[in-house]
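As a plain string of letters, each chain reads:
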Amino acid sequence: MNLPQHVRLVEVGPRDGLQNEKQPISVADKVRLVDDLSAAGLGYIEVGSFVSPKWVPQMAGSAEVFAQIARKPGVTYAALAPNLRGFEAALESKVEEVAVFAAASEAFSQKNINCSIAESLERFVPVLDAAKQRGVRVRGYVSCVLGCPYEGAVAPEQVASVARELFAMGCYEVSLGDTIGVGTAGATRKMFEVVGRDVPRDKLAGHFHDTYGQAVANVYASLLEGISVFDSSVAGLGGCPYAKGATGNVASEDMLYLLNGLGIDTGIDLDKLIAAGRRICQVLGRDNGSRVAKARQA
Ligand SMILES: CC(C)(COP(=O)([O-])OP(=O)([O-])OC[C@H]1O[C@@H](n2cnc3c(N)ncnc32)[C@H](O)[C@@H]1OP(=O)([O-])[O-])[C@@H](O)C(=O)NCCC(=O)NCCSC(=O)C[C@@](C)(O)CC(=O)[O-]
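Residues numbered from 1 in each chain as written. Predicted model: local features only at pLDDT ≥ 70, side-chain atom pairs only at ≥ 80, totals over all residues. Heavy atoms only, no water.

Visitor: Before we go on, may I ask you to explain the nonpolar core in this structure?
Guide: General note: in soluble globular proteins, nonpolar side chains tend to be found buried as a group. The biggest cluster of nonpolar side chains holds 104 residues, and the ones touching the most others in it are F87, V142, V159, L166 and L176. Beyond its immediate stretch of four places on either side in the chain, L166 contacts V100, A102, L121, F124, G140, Y141, V142, C171 and V174. (Core = buried A, V, L, I, M, F, W, Y, C linked by side-chain atoms within 4.5 Å. Buried < 20%, exposed > 50% of the residue type's maximum accessible area, 1.4 Å probe, protein only. Contact = heavy atoms within 4.5 Å.)

Laid out in structure tokens, this is it:
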């Protein structure tokens, strides 16, 4: 199969990356990260979440972050909203797009958003309705598409059924998350093959964590399946508060290096991206999760 000519990167570092950090991170540092990322050429940045601060304390300052970022024309600044309350709060912060998030595993759904998969989908209906009325696009996430920290294996058919529901209720795109990074290239291809029967492939995105070091391979496997939108996190920041031991997303720098090598243009400046990753790692006092950034430092 021919590889896609164009790939869109969804930078989730400020949200998925930072949500798991235990230490306080100042609003100024979060704002600097978002602005560094837009300056590097990222066109879509997930800035924060409008969720319960008791569940994910690190995202509590999202409204302040949105108020202080320097919005660059042409860049989409998005946020997670698990319910109508989160959606309204996001709109007050002039969020341009929101994302609702479901799971393919019942146990993860309970741990992450305290309800069953079916209840979560019901909860999203008013969000989608309100978004439609206000002209706001909604992205959908499905977690645990290649494995669950509580239930183990997850059938691709189960992923397809949740993705289909999200798409049918109006999500313009559904991002499929390997939350704990256990997926392999073979399992990834199979999963997209099955989900692609229910949701058009150009409406699907890949969201890979790198726990087992397979994320770049899984991105490539997805490209072979015709997937052209990928979530990634600068410096491979992150983990998941409800998936113990899971590491961050595929590093945006490593993803870009792969795409550059395939001749797929994204308009992103690798050097600026590496600089953005180094800066936030210094702030956090953590190791840089990007192999490319490390190689460039050596
Ligand atoms: C969904 C709920 C709220 C249900 O939580 P709940 O306890 O079932 O709901 P509730 O309605 O009883 O509310 C509980 C408390 O939260 C408040 N509350 C209720 N809604 C909001 C809101 N929007 N904003 C702020 N506060 C809110 C509400 O007012 C109440 O406050 P209290 O009375 O206890 O003081 C909760 O479980 C929650 O916030 N979960 C967030 C989980 C989360 O953010 N997880 C990480 C993101 S998902 C992810 O990382 C995976 C992904 C997307 O990256 C893909 C992948 O890799 O798999």
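Visitor: Whenever I open this one, the packing of aromatic side chains confuses me. Can you help?
Guide: Two aromatic rings, taken as a pair, are described by how far apart their centres are and by the angle between their planes. Scanning the entire structure with this criterion turns up two aromatic pairs. Here F50 and F66 contribute two aromatic rings whose centre-to-centre distance is 5.9 Å and whose plane-to-plane angle is 35°, an arrangement assigned as tilted. Note that F50 is positioned in the loop between β2 (44-49) and α3 (62-68) and F66 in helix α3, a separation of 16 residues in sequence. Residues F50 and F66 agree in their burial class; the two are buried. We note R139 situated over the ring of Y44; from NZ or CZ to the ring centre the distance is 6.0 Å. (Phe/Tyr/Trp six-rings, centres within 6.5 Å; stacked < 30°, edge-to-face > 60°. Helix = DSSP H or I, 4+ residues; strand = E, 2+ residues; numbered from the N terminus. Lys NZ or Arg CZ within 6 Å of the ring centre and 35° of its normal.)

Visitor: What is the right way to read unusual backbone geometry from this model?
Guide: With glycine set apart, most residues show a phi of negative sign, and most peptide bonds adopt trans. Even without a glycine there, the phi angle at K94 is positive, about 55°. Among the structural elements, K94 can be located in the loop between α4 (84-92) and β4 (97-103). A relative accessible area of 60% means that K94 is categorised as exposed. Even without being a glycine, C144 presents a positive backbone phi close to 65°. Here C144 lies in the loop between β5 (137-143) and α7 (156-168).

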